[in-house]
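# Descriptive analysis of the structure
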Amino acid sequence: MNLNYSSSHKNSKPESGLFYIVGTPIGNLSDISHRALNILKSVSFVLCEDTRQTKKILNKYEFTNNLISFNQFNSSKKIPKIVNELLSGKSIALVSDAGMPSICDPGEDLVKEIKTRGLSIICIPGPCAASTALVSSGFPSSKFIFEGFPPKKKSERERLFLEISKNEKTTILYESPHRLKKLLCELKVHCGGGREVQVSRELTKKFEEHIGTNIDEVISFFENKEVLGEITVVIKGISKPKKNFSYDKSELRQELLDLVNAGLSLSEASKYLAKKKNLSKREVYNIY
Ligand code: SAM
């Protein structure tokens, strides 16, 4: 496939000594920007989580470059060398297997070190499973909590689920397919089966699907089914708990009497106080 992705935009050609964080597709290889391709093509070399995975992008867009492995197992050894290459004027791009580097993927430590050395970083943004699932859920999405993969340790898991059970904001979790059913059951215990949830599977790919609407329904959807593919879970926050105006009954009765004595009908006085105290009219009326 030969797409003309050249661009005259400023910043589309790498500058020496610059470090680029480049977002890549989370499934559909067409989801890559012209600018990302230009950078990947022109930097001195590309740091990849798995070179075979990144090679697929280079093959599709018909260009080559030096691909160097950078992953959780070799990162600490490689970071000083990478920094030296930048200091010597090389331009370097970092990609992960999918989506945005550093989001549950390698990159964080390297970026921190580069920043500490006062070197410049440019991010070429791209897809991210968390934001893709979030905006497809229809749940409130301007404020949200991203928790990445749930912890494995029991106590930490319980703490997370307890937090989620009380969160008013939408929460996003990554989960592997073989752990999804366990996660859903634990969420049910802590949040109740009626809590709204969406499981987004295989985003941007051929068999993309979004399964909802609440925990019980998602559990029964996957009953007797093997969960396959990549999974992102979006959990709607709880509705703001209604303010519990505890009120002193005798005080309220006195206020009601005062209003009635002042000339209001019982119905009018109850209506007025109900609004003021955020109570039902009947509740106030009956206190008379
Ligand atoms: N850096 C990536 C990003 O920006 O989304 C995330 C990498 S993390 C190691 C991989 C996890 O992201 C998967 O286990 C899954 O939970 C989620 N994920 C990645 N691609 C996905 C897709 N196409 N559909 C649903 N979830 C996906």
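Residues numbered from 1 in each chain as written. Predicted model: local features only at pLDDT ≥ 70, side-chain atom pairs only at ≥ 80, totals over all residues. Heavy atoms only, no water.

## Some words on the confidence of the model for the chain
Close reading of the predicted structure is inappropriate where its pLDDT is low. Considering every residue of the chain, the mean pLDDT works out to 92; 94% of them sit at 70 or more. Contacts from residues 1-10, a stretch scored under 50 in pLDDT, to residues over four places away or in other chains number 15 contacts. (pLDDT = per-residue confidence, 0-100. Contact = heavy atoms within 4.5 Å.)

## A look at the site of the ligand
In the region of the ligand, 19 residues are neighbours, and Ile 103, Asp 105, Ala 129, Tyr 174 and Ile 231 sit closest. Surface burial for the ligand is 91%, taken as the share of its 570 Å² of free accessible area covered by protein chains. When contributions to the shell around the ligand are tallied by element, the ones reaching two or more residues are β7 (170-175) and β10 (231-235). A class-by-class count of the residues in the shell around the ligand yields 11 nonpolar, three polar and five charged. Residue-level mapping places the shell around the ligand at the junction of two domains, with at least three residues from each of domain 1 (10-127) and domain 2 (130-235). (Near = heavy atom within 4 Å. Areas by Shrake-Rupley, 256 points an atom, 1.4 Å probe, with all protein chains shown as cover. Helix = DSSP H or I, 4+ residues; strand = E, 2+ residues; numbered from the N terminus. Nonpolar A, V, L, I, M, F, W, Y, C, P; charged D, E, K, R; others polar. Domains from an automatic or database assignment.)

## A closer look at the packing of aromatic side chains
All told, the structure shown has three aromatic pairs when counted by the stated rule. Seen in terms of ring centroids, Phe 149 and Tyr 174 are 5.7 Å apart; in terms of plane orientation they differ by 65°. Their pairing is edge-to-face. Of this pair, Phe 149 sits in the loop between β6 (144-148) and α6 (154-166) while Tyr 174 sits in strand β7, and the two are 25 residues apart along the sequence. Judged by its relative accessible area of 9%, Tyr 174 falls in the buried class. Where Phe 221 meets Phe 222, the ring centres are 5.0 Å apart and the plane angle is 85°; that geometry is what we call edge-to-face. Members of the aromatic cluster, connected to one another through ring pairs, are Phe 146, Phe 149 and Tyr 174. (Phe/Tyr/Trp six-rings, centres within 6.5 Å; stacked < 30°, edge-to-face > 60°. Buried < 20%, exposed > 50% of the residue type's maximum accessible area, 1.4 Å probe, protein only.)

## Section: the environment of Pro 101
With respect to the helices, strands and loops of the structure, Pro 101 is situated in the loop between β4 (92-94) and α4 (108-116). Of the residues examined, Pro 101 reaches a relative accessible area of 4% and is grouped as buried. For the pair Pro 101 and Cys 128, spaced 27 residues apart in the sequence, the C-alpha separation amounts to 9.2 Å. With residues up to four places along the chain from it excluded, the contact list for Pro 101 reads Ile 21, Val 22, Gly 23, Leu 94, Val 95, Ser 96 and Pro 106.

## Here we look at the sheet that holds strand β2 (residues 45-48)
Spatially, β3-β2-β4-β1-β5 is the arrangement adopted by the five strands of the open sheet, whose pairing is parallel. Lying at the two open borders of the sheet, with one neighbouring strand each, are β3 (67-69) and β5 (121-124). Going from strand to strand, the sheet's axes swing by 25° on average, the running direction of each strand aside. With four bridges joining them, strand β1 (residues 19-22) and β5 adopt parallel strand pairing. If you follow Val 22 over to β5, its bridge partner there is Ile 124. Where helix α3 (residues 75-87) meets the sheet, it contacts β1, β2, β3 and β4, and its direction lies at approximately 140° from that of β4. (Pairing = 2+ DSSP bridges. Axes fitted to C-alpha atoms, helices over the stretch in contact; angles between N-to-C directions.)

## Thoughts on the side chain of Ser 91
For Ser 91, the position within the fold is in the loop between α3 and β4. Not counting chain neighbours up to four residues away, the residues in contact with Ser 91 comprise Pro 14, Glu 15, Ser 16, Gly 17, Leu 18, Tyr 20, Ser 42, Val 43, Ser 44 and Phe 45.

## Topic: helix α7 (residues 180-191)
Over its 12 residues, α7 runs 16 Å from end to end, which matches the ideal 16 Å to within 8%, given 1.5 Å per residue. For α7, the complete set of buried residues consists of Leu 180, Leu 183, Leu 184, Glu 186, Leu 187 and Cys 191. An end-on view of α7 places all buried positions within 165° of arc, on one side of the element. Looking at the buried positions of α7, the neighbouring elements they touch are α6, β7, β8 (197-201), α8 (215-222) and β10. Phi for Gly 192, located one or two positions after α7, is positive at around 90°. (Expected span 1.5 Å × (residues − 1). Arc of directions from axis to C-beta.)

## Some details on the pairing of β1
Of the two faces of β1, both are covered, the one formed by Phe 19 and Ile 21 as well as the one formed by Tyr 20 and Val 22. As defined by bridge partners, β1 adjoins β4 across three bridges and the pair is classed as parallel. Of the residues in β4, the one forming a bridge with Phe 19 is Ile 92.

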